[in-house]
Every structure is written in C-alpha cells, then in structure tokens.
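# What the coordinates show
Single-letter residue listing:
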Amino acid sequence: MKILDDKDKQYRQFVEDEQRRATMTLVILAILLFPLFSFLDFFTQRDHFEVLSFIRFTTVAIFIAVFFLLRKKFFYAQPFLIGSLILMIAATSISVMCASLNGSGSPYYGGVNLVLLAGVVILPGEGFQNVRWILPSLIVYVFLILWVEHYTLLNPQIFINNMFFMGSTAIVGVTSGWQRSKERKKSFLQFLEIKKTATLLSEDLQSKDSNIESLAEEIVLKKIEAQNALDLRNSFISIASHELKTPLTSLNLQLEVGKVKEIHGELNWKSFVQSFELQIHHITLMIDDMLDVSRIQTGKFIILRQETDISQLLTEITNRYYENKISEEKLFIDIETGLMGEWDSFKIEQVILNLLSNAFRYGLLRPVRLTAKKESKNVVITVEDQGMGIAQEDMSRIFEKFERGPSKNKSGLGLGLFICKEIISAHKGEIFLQSELGKGSIFKVVLPI
C-alpha cells in the first residue's frame, strides 16, 4: 500500500510541474496576444476600436495583477487554479467585447471558442478539472448576451449557432482532457516501472562489481543479436517471396503453353492437370510450413491423433504426387502392409512429403528409396537418397529454422526439417540422420505405435 501511495504522490508532483509550465505559457500568450489582436479590431471594428482597446489592455493589466498577486501562494501549490483564472478572465473579456458590439450577432464569439480550445490543449487538467473553468466561462458569455439584449435574443439562430460551436468545443475538450489524463497516468506508471527496473539493474551491476566496459560489451552483443535477428527476418522474407513466386511463374507459363496446345488440339489434359496440382501443392506446403512455424512458436501446434494405416497413407502419397517418379524408376518403394497406429495422418503426410522433396532436390537425379516397416513397438520409415550428402559439421544444424541444404542453388524456406522434427517430437517419436558427404543421406523416422 505504501508503494501505491508513493506512486500517487510522485504522479501528483509530475502533473503539478506540467501545470506550472502550462500556466506560464498561458500567461505569456495572453499578455502578448491580447494587444496584438488590436490590429484586428482596427481593421474590422474601427468604430469601436477605442472601447475594444480599453477592454484588451485592461484585461492584460488584470492578467499581470492576478499572476503576481497569486504567484507566491498558489503557483507552486495549485498551478491549475491560476491557469483556470487566466482562461476565465480571457473568456470573460471577449464576452464583454461581444456584448459591447452586436450582442449575439458579434463575430467575436469565436474568440471565446478559441480560448476554450487553447485552454484544453495547453492546460493539462486531471479528470474533469476543465469543467471548473469552462462552464463558468460559458455562463458568463450567456449572461452578458442576455443582459445586453434585455433577456430577449435579437438573433436567436446566430446565438444558438454560437453556443453549438462553443458547447461542442467544451465537450470535446473535457472528454479529451479526461482521456488524456488516463493515458498520462498510465504512461507515468510505465515510466516509474522502467525507472525502477533500471535502478535495480544498476544496483545489481554495482553489486557484481560490473564496470562500464562489460556493460558496453553486453550492449554491443545485444545489438549484434538484434541485427542478426533482423537480417534473418529480412532474409526469410526475401526467400519466401522468391520461393512463392517461382511456382506461380511456372503455373503461369504452363497455362500459356496449355492455351497454345489447346488451340492446336495437342493438350494432354491429364498431364496438364497433374502438373498444375503439383505446383499448387508445392505452394500449399510452403504456406503450411510458415503457418506451422507460427503455431509452434505461439504454443498452438496441435496433433490430432486418429486410427491411421501408415502403409495406405504412404501408398496414397507416392501414387498421388510421385507416380511419374515411380514409372521412371526414380522412386523405389518397400512398404509393409498393416502398419496401424494412432497418429495425425495430415502431419505425417507433411513429414513424408518434406523428406521426399528434399531427397529429390539434393539427390543429383539418382533413385530415392522409401521404406516402412514395423520394429518392436515402433513403425520405422526411412527415406534414402544417393545425392550429395551432408557434412558432419552441418548435420547438427540441419534441423534448425531457416537452415537449408548444402547445394549451391539453395531453394525452399529452410523450415521443412525443423517442422518435421517438431511433428515427430509431438508424436513422442524421433528422427535420425545418417549421411556422408558425396554418398547420400538416410532420414529415419521412428513413430511409437
């Protein structure tokens, strides 16, 4: 409770300091602007120039007198009071000008509106403090207009119009002041928390005999880490843009070629549709990878287990997406039947497609082998290629985010193996890599039944 009281005390002190600065600003503006507006009187109200000048300079004298008389007693204790008085005096003075000219038809009502606007913008009232000077200012204006027009409005429509504008300004000013007060207190409390944290950190550094050099080194390291993260993000965005654009460009070219072949009656619809399906599936996989990474990082990655026949699933995947590879003897399959268990079939399909895609990408156009069999209480799936292989020093990082294969012509988002590892881990399984540079790679997935 003591901490809360201390915060409130500091906040009140902070607001009073701001109000003192604002009050000084209002006093200076009032003393300078009131005489300057005499030029406006001279050109627009020359017949009443002497009266208006007398009112203006009398008001300036009142400003100075009020400020110096109340400064010692109230300026440091209640600065908002002096600011409010200055604004009320200014509004009353302009209301007197309106009454001395055309009453409700006087265009000087805009001056009252200007005072209201300047007050709520410059003077930081807490809560509904602004009501204390805005309402009396409006009442004085209404009273003087009614008094000079003998309580019978000569221009009721103009008067209502004037009151509408001044009332709207007052409502907006009070509401915005109240909202600004809430935001100011919130920002101040956040500032105190940051200050407290900085103090504790400083004390901690001193207790550990830390010096400025070690702190500077830590800042440099943090900056390097932040820059690396930024470079990684920019690199990923560039890669993602390129990888998504590539299949879209291919689709567009295939569509144009298909149009030409259709005109000449040479279009093979089955091949055409299969090609389109592969490209669209490629795009879908990349988007799914990006979504999965987001879900993993936010803890929303969910595995939906259901009775699944892995044998049937693998057969469907290879027939649907790699039928041509099988017919060309680029993909050999050895799958035991009846491999049943409770897994997320969609996620397992994602793993297999990622592994097969990598095998063909880095397999140097050599055959790839997919096998699946039961070992003890597990199903073991292996994807083996005869490609370039992976160096020993690269094998530890290949399952990390944004890491891609060793090919010079790198492609893909660098997310596939990271997501595979997360999916397998979510199934309480493991994924292993056996590889030797220049002799191919074997990825082994072990799934508990």
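Above this note sits the structure.
Moving on, we get to the overall build of the protein chain. Along the protein chain, the regular secondary structure elements total 13 helices and 7 strands. Counting contacts in the protein chain only where the partners sit at least 6 residues apart, residues at least 24 apart contribute 72% of the total. Of the roughly 26500 Å² that the protein chain leaves accessible, carbon and sulfur atoms contribute 61%.

Turning our eyes to something else, we now look at the packing of aromatic side chains. Following the criterion strictly, the structure yields 8 aromatic pairs and no others. Ring centres of Phe-164 and Phe-165 lie 5.8 Å apart, and the angle between their planes is 75 degrees; on these two criteria the pair is classed as edge-to-face. Note on Phe-164: relative accessible area 55%, which makes it exposed. Residue classification places Phe-165 among the partly exposed positions, given a relative accessible area of 38%. Through successive ring pairs, a cluster of aromatic residues spans Phe-42, Phe-43 and Phe-49. Between the NZ or CZ atom of Arg-46 and the centre of the ring of Phe-42, over which it lies, the distance is 4.3 Å. Directly above the ring of Phe-360 sits Lys-325, whose terminal nitrogen or CZ lies 4.8 Å from the centroid.

In this section: unusual backbone geometry. Phi at Leu-364 takes a positive value of approximately 55 degrees, unusual for a residue other than glycine. Positionally, Leu-364 belongs in the loop between helix H12 (345-361) and strand S4 (368-375). A positive phi is found at Lys-428, a non-glycine position, where the angle reads about 65 degrees. If you trace the backbone, Lys-428 turns up in the loop between helix H13 (416-426) and strand S6 (430-435).

Once that is clear, we can look at the sheet that holds S4. In space, the 5 strands of this open sheet follow the order S2-S4-S5-S7-S6, with mixed pairing throughout. What marks the edges here is a single partner per strand, and that holds for strand S2 (331-335) and S6. In this sheet, neighbouring strand axes are inclined to one another by 15 degrees on average, regardless of whether the strands run parallel or antiparallel. When S2 meets S4, the two strands line up parallel, connected through 5 bridges.

On to the nonpolar core, then. Grouped burial of nonpolar side chains is what soluble globular proteins tend to show. Counting 42 residues, the largest nonpolar core has Ile-310, Leu-355, Ile-381 and Val-445 as its most contacted members. Those elements that place two or more of their residues in this core are helix H10 (310-321), S2, H12, S4, strand S5 (378-384), H13, S6 and strand S7 (441-448). Other than its neighbours up to four places away in sequence, Ile-310 contacts Leu-339, Trp-343, Ile-348, Val-379 and Ile-381. If you look at the next biggest cluster of nonpolar residues, it comprises 40 residues, including Phe-75, Ala-90, Ile-94 and Val-174.

Next up on the list: the packing of helix H5 (residues 109-122) against helix H6 (residues 131-148). Two elements in contact, H5 and H6, have axes separated by 11 Å at closest approach and are oriented at 175 degrees. Judged by the angle between their axes, H5 and H6 are roughly antiparallel. On H6, the residues that touch Tyr-109, Val-112, Val-115, Leu-116, Gly-119 and Val-120 of H5 are Trp-133, Ile-134, Leu-138 and Tyr-141.

Here the focus is the packing of H12 against H13. Running from N to C, H12 and H13 point in directions that differ by 145 degrees, and their axes come no closer than 9 Å. When you trace H12 past H13, the crossing you get is left-handed. In contact with Lys-347, Gln-350, Val-351, Asn-354, Leu-355 and Asn-358 of H12, H13 contributes Gly-416, Leu-417, Ile-419, Cys-420, Ile-423 and Ile-424. Its residues placed into classes, the contact of H12 with H13 shows 7 nonpolar, 4 polar and 1 charged.

As paired elements, S4 and S5 share 7 bridges and run antiparallel to each other. Looking across to S5, one finds that Thr-371 is bridged to Thr-382. Here S4 folds back onto S5 in antiparallel fashion, the turn holding 2 residues, of which Ser-376 has a positive phi close to 60 degrees.

For the rest of this paragraph, the subject is H5. Over its 14 residues, H5 extends 20 Å from the first C-alpha to the last, a length consistent with the 20 Å expected when each residue adds 1.5 Å. Looking at H5, one finds that the buried residues are Tyr-109, Gly-111, Val-112, Asn-113, Val-115, Leu-116, Gly-119 and Val-120.

Moving on to the side chain of Ser-435. By the element assignment, Ser-435 lies in strand S6. Among the polar contacts listed, one links the side chain of Ser-435 to the backbone nitrogen of Ile-390, at a separation of 2.8 Å. Setting aside chain neighbours within four positions, we find Ser-435 in contact with Gly-389, Ile-390, Met-395, Gly-440 and Ser-441.

About the thresholds
Residues numbered from 1 in each chain as written. Predicted model: local features only at pLDDT ≥ 70, side-chain atom pairs only at ≥ 80, totals over all residues. Heavy atoms only, no water. Helix = DSSP H or I, 4+ residues; strand = E, 2+ residues; numbered from the N terminus. Contact = heavy atoms within 4.5 Å. Areas by Shrake-Rupley, 256 points an atom, 1.4 Å probe, with all protein chains shown as cover. Phe/Tyr/Trp six-rings, centres within 6.5 Å; stacked < 30°, edge-to-face > 60°. Buried < 20%, exposed > 50% of the residue type's maximum accessible area, 1.4 Å probe, protein only. Lys NZ or Arg CZ within 6 Å of the ring centre and 35° of its normal. Pairing = 2+ DSSP bridges. Axes fitted to C-alpha atoms, helices over the stretch in contact; angles between N-to-C directions. Core = buried A, V, L, I, M, F, W, Y, C linked by side-chain atoms within 4.5 Å. Parallel < 35°, antiparallel > 145°, perpendicular 65-115°, else oblique. Left-handed = near helix turned anticlockwise from the far one by under 90°. Nonpolar A, V, L, I, M, F, W, Y, C, P; charged D, E, K, R; others polar. Expected span 1.5 Å × (residues − 1). Polar contact = N/O pair within 3.5 Å; in protein donor to acceptor, adjacent residues only side chain to side chain.

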